[in-house]
Amino acid sequence: MIKKLLQNELIQNIVGFLISLYIKVCFHTSLWYVRNNKSIESHIKKKSKIIVIFWHNRLLMAPFCWEYKNNFKMLISSHRDGRIISSAVSYLGIDTIEGSSNKNKITSAKQIINELNQKNIIGITPDGPRGPNQKIKEGLVSLQKKTNSVIFPLCYSAKFYKQFSSWDKFMFVYPFNKFVAIWGNPIIYDKKKSLSQNILIVQNELDRVTMLSKNLSK
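Okay, so let's go over this structure. A quick note: this is a predicted structure, and the numbers were derived from the prediction, not measured.

## Points about the packing of helix H6 (residues 138-147) against helix H7 (residues 195-217)
It is the contact of H6 with H7, at a shortest axis distance of 10 Å, that shows an interaxial angle of 105°. Put simply, H6 runs roughly perpendicular to H7. For the pair H6 and H7, the contacting residues are Glu138, Leu140, Val141 and Ser142 in the first and Leu195, Asn198, Ile199 and Val202 in the second. Of the residues assigned to the contact of H6 with H7, the class counts are five nonpolar, two polar and one charged.

Structure representation (structure tokens):
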């Protein structure tokens, strides 16, 4: 019954609106620290093509890490849950691109390339929409190579949260909290290395900032 209700576009918009209200309350009642953001600010000024990546389980609060004038557009699954998330972030001023990343490719690649060429920032959950959890997929790095983009890993963590048993170990955060967001170092595709080696570089940097944000948010 609930699943059938959530297929309705009006219901999706209502649920998305309620989610957006909740995460606004979480943000505005909490302490929010952002670290290592100078590098991405430098690349924004240089008008680099930028892809921001963050894990699927931290998707909803990620828009609050973006505090720049440049348009930020998130790649969101066309699945029912993705449409609800798309509705929620729209109330936060974030546009979305319908598609998903998988093992071999990223759908909606043409639209992403067009957005990057217009110097819009693209946000991608590289382990979405269905995992494996916190594993970088080939499609992201192939897209980076094709577009000559700079990848910026990003992770935030919260002091108070509940971790769900979903495939992505979703982090449900609470109001009156402490958040720490860490920007990773910029990653440029290394043509001297193999695709798998470049994937490992991205994986290691996002893993690093994930662990660092966890430690600093305690």
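Having seen the structure, we can now continue with the description.
## Comments concerning the packing of helix H5 (residues 109-117) against H6
Running from N to C, H5 and H6 point in directions that differ by 45°, and their axes come no closer than 11 Å. Classified by the angle their axes make, H5 and H6 are oblique. For the crossing formed where H5 meets H6, the hand is right-handed. Side by side, H5 and H6 meet where Ile112, Ile113 and Leu116 of the first sit next to Leu143, Lys146 and Thr147 of the second.

## What about the nonpolar core?
Ile40, Val52, Phe54, Met61, Trp66, Phe72 and Met74 are the most contacted members of the largest nonpolar core, which totals 35 residues. If you list the elements that add at least two residues to this core, you get helix H2 (9-28), helix H3 (38-45), strand S2 (50-53), strand S3 (72-76), helix H4 (80-90), strand S6 (150-158), strand S8 (171-173) and strand S9 (178-183). The leading source of residues in this core is S6, at five residues. Once you skip the residues sitting within four places of it in the chain, Trp66 turns out to touch Ile40, Ile44, Val52, Phe72, Ile121 and Trp183. Counting 24 residues, the second-largest nonpolar core is a separate cluster that includes Trp55, Ile97, Leu116 and Ile187.

## Points about the pattern of salt bridges
Should their charged atoms come close, side chains of opposite charge can pair. Inspection of the entire model under this criterion finds three salt bridges. Among the ionic pairs, Lys73 bridges to Glu115, the shortest N-O distance being 3.1 Å. Here Glu115 lies in helix H5 and Lys73 lies in strand S3, a separation of 42 residues in the sequence. When its relative accessible area of 15% is taken as the criterion, Lys73 is described as buried. The salt bridge involving Asp190 is made with Lys193; its shortest N-O contact spans 3.0 Å. Judged by relative accessible area, which is 36%, Lys193 ranks as partly exposed.

Reading the values: the criteria
Residues numbered from 1 in each chain as written. Predicted model: local features only at pLDDT ≥ 70, side-chain atom pairs only at ≥ 80, totals over all residues. Heavy atoms only, no water. Axes fitted to C-alpha atoms, helices over the stretch in contact; angles between N-to-C directions. Helix = DSSP H or I, 4+ residues; strand = E, 2+ residues; numbered from the N terminus. Parallel < 35°, antiparallel > 145°, perpendicular 65-115°, else oblique. Contact = heavy atoms within 4.5 Å. Nonpolar A, V, L, I, M, F, W, Y, C, P; charged D, E, K, R; others polar. Left-handed = near helix turned anticlockwise from the far one by under 90°. Core = buried A, V, L, I, M, F, W, Y, C linked by side-chain atoms within 4.5 Å. Buried < 20%, exposed > 50% of the residue type's maximum accessible area, 1.4 Å probe, protein only. Salt bridge = Lys/Arg side-chain N within 4 Å of Asp/Glu carboxyl O.

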